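Summary of the model geometry
What follows is each chain in one-letter form.
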Amino acid sequence: MEMKNLRYRRWSAALVLLCLLLSACGPAPEEPAETAPQEEQNPTLEAPPQPEPEPEPESPPEPEPVEEARVTLIAVGDNLLHNTISWDAELPGGGYDFSPVYQYVKPWIQGADLAFLSQEVPLNGTAGRYPNLDAPQQAADAAVDCGFDVVNQATNHALDKGITGLENTLEAWAQRGMPVIGAFRSPEEAAKPCLIERGGLIFGFLGYTYGTNGIPIPEGKEYAIALIDEQKIQADVQALRPQCDYLVVSMHWGVEYQQTANQEQQELAQKLADWGADLIIGSHPHVLQPAQWLEKADGGKAFCVYSLGNFVSSQNTRETMLGGMLGLTVIRESDGTIRAENPGILPIVTYFERKNKKYRIYPLEDYTAEAASRHAVAALDGPVTPAYFSDLAQKILGDYYKTKESFSCQP
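Definitions and limits used
- Residues numbered from 1 in each chain as written.
- Predicted model: local features only at pLDDT ≥ 70, side-chain atom pairs only at ≥ 80, totals over all residues.
- Heavy atoms only, no water.
- Helix = DSSP H or I, 4+ residues; strand = E, 2+ residues; numbered from the N terminus.
- Buried < 20%, exposed > 50% of the residue type's maximum accessible area, 1.4 Å probe, protein only.
- Contact = heavy atoms within 4.5 Å.
- Polar contact = N/O pair within 3.5 Å; in protein donor to acceptor, adjacent residues only side chain to side chain.
- Arc of directions from axis to C-beta.
- Pairing = 2+ DSSP bridges.
- Core = buried A, V, L, I, M, F, W, Y, C linked by side-chain atoms within 4.5 Å.
- Salt bridge = Lys/Arg side-chain N within 4 Å of Asp/Glu carboxyl O.

Turning our attention to the overall build of the protein chain. A count of helical and extended segments in the protein chain gives 12 helices and 14 strands. Per-residue burial over the protein chain gives 46% buried out of 411 residues. Pairs at least 24 apart in sequence give 71% of the contacts found in the protein chain among residues at least 6 apart.

This is the structure in structure tokens:
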């Protein structure tokens, strides 16, 4: 019995040991999982930042309207004062009075806001004969009285009385307050721009000549005459262009007595337009030549008259008796645009008699058949009738032939 109990106790102990061993070999009890913070378990999804709307572009401000302007301009050709014209102007008591020469065109000159004259000969104080022309300085008084506002002195006769004669001429103009282009007394005068204000518009002027009849410009005084030099002209035009509203260039060029412009004139005129000129006024041929619009490189337009012929002269061929007065109106619109309107040429006739002379300039419409019968040139190279001059002017000028009624500048 005791033995049986002993076996029982041993079996029970073995069973307990077996249970302990089995429990030690089983999987470890799982630890409770950590609870994530609430905000990490349910994150809030924020919207990505939105770019701020770009401001709408501002409309450019409306340009301030500028003051409108209208300025009439008149230009004439060569004031070719031969010695016989000076003799005719001589007064019995001494001195000279040239004003009767211009009395019939004076109202037209004075009616313009701005008037240009090409002064062919020096005003050194004598009645100089061809080929060394000269005229008394009282001729400048007549030009001022007639209403001219600016004078070109760059011509082939500018040095007919030498550099002293030219300086005396320029002094005569200066004493009368007349602006001069193309000839100068000093480098400073040559460098000073010629700017004239009229009616709220600023006009710039330049003048050049092809030469001085073989008379050399003295060394050291190259500034005295503005010769045609394309490089210099281009620089002058481009320097003056920003300073003015309307730019006028006077060109003493071409071939004498030819009624058409040559290739050199046409090519240079186009260059002048491309460089910035608005108006090109030709002189020297002593006869009328055509006029035309030129297209500029920048898309604008320039007007060119290749020759206005003589304003007055004592030449002896009928073609040289016909000249022209160029007229146009320069307009500034309210948007600042500047343009020329109604350009054209009013034909004029130089008249003088064989014995009494009586040099006069007439608008062609005022030149009569009776005057033609007394004209000194009628016996040398007739006819010099109104019909002849009218036909010739219309042939040369075409659409730019103007009557007194259609002319831009009115008395």
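Within the secondary structure layout, P347 lies in strand β13 (residues 338–351). Taking the C-alpha atoms as reference points, P347 and E365, separated by 18 residues in sequence, lie 8.3 Å from one another. Non-local contacts of P347, meaning those with residues more than four positions away in its chain, are made with L322, G323, G324, Y362, P363, L364, A393, Y401 and K402.

Glancing now at the side chain of T155. Locating T155 in the fold gives a position in the loop between β3 (150–152) and α6 (162–175). Classification of T155 as buried rests on a relative accessible area of 0%. In this structure the side chain of T155 is engaged in a polar contact, spanning 2.7 Å, whose partner is the backbone oxygen of E120. Only 3.2 Å separates the side chain of T155 from the backbone nitrogen of H157, close enough to count as a polar contact.

Next up on the list: helix α8 (residues 230–240). For α8, every residue scored as buried is listed here: I233, V237 and L240. Relative to the axis of α8, the buried residues are bounded by an arc of 75° and lie together on one face. Those residues of α8 that are buried lie in contact with β5 (194–198), β6 (201–209), β7 (246–252) and α9 (263–275). With a side-chain oxygen lying 3.1 Å from the backbone nitrogen of Q231, the N-terminal cap of α8 falls on D229.

Cis geometry marks the peptide bond from Y130 to P131, where omega comes out at 15°. Turning to its location among the elements, P131 is positioned in the loop between β2 (114–118) and α5 (138–146). Omega for the peptide link from G382 to P383 comes to 0°, which places this bond in the cis form. Within the secondary structure, P383 is located in the loop between α11 (378–381) and α12 (386–397). Located in the positive-phi region is H286, a residue other than glycine, with phi close to 70°. With respect to the helices and strands, H286 occurs in the loop between β8 (279–283) and β9 (291–295). The buried category is assigned to H286, whose relative accessible area is 3%. In this structure, K357 takes a positive phi of about 65° despite not being glycine.

Attention now moves to the pairing of strand β12 (residues 322–332). Side-chain positions along a regular strand alternate between the two faces of the sheet. Taking burial as the measure, the 11 residues of β12 include 11 buried ones, the bulk of the element. The pairing of strand β1 (residues 69–79) with β12 spans eight bridges and is antiparallel. Pairing of L73 across the sheet is with L328, part of β12. In terms of strand pairing, β12 meets β13 through 10 bridges, oriented antiparallel.

When we look at burial in α5, the residues that qualify are A139, A140, A142, A143 and C146. Buried residues of α5, seen end-on, are gathered within an arc of 160° and therefore sit on one face of the element. The elements touched by buried residues of α5 are α4 (106–111), β2 and α6. At the C-terminal side of α5, G147 shows a positive phi close to 115°.

Time to look at the nonpolar core. Ranked by internal contacts, the top residues of the largest apolar core, which has 94 residues, are Y102, F148, F205, M325 and Y367. Discounting chain neighbours no more than four positions away, the residues touching M325 are I74, A75, V76, V105, W108, I109, G344, I345, L346, I348 and F407.

Inspection of every chain in the model, using the stated rule, returns 16 salt bridges. Between E341 and R339 there is a salt bridge, with its nearest N and O atoms 3.5 Å apart. With relative accessibility at 27%, the residue E341 sits in the partly exposed group. Salt-bridge contacts for R374 lead to E370; the nearest nitrogen and oxygen are separated by 3.1 Å. One end of the pair is R374 and the other is E370, both in helix α10 (residues 369–374) and four residues apart, which spans about a single turn. Look at E370 and you get exposed, because its relative accessible area is 56%. Members of the salt-bridge network, linked through shared partners, are R70, E333, R339 and E341.

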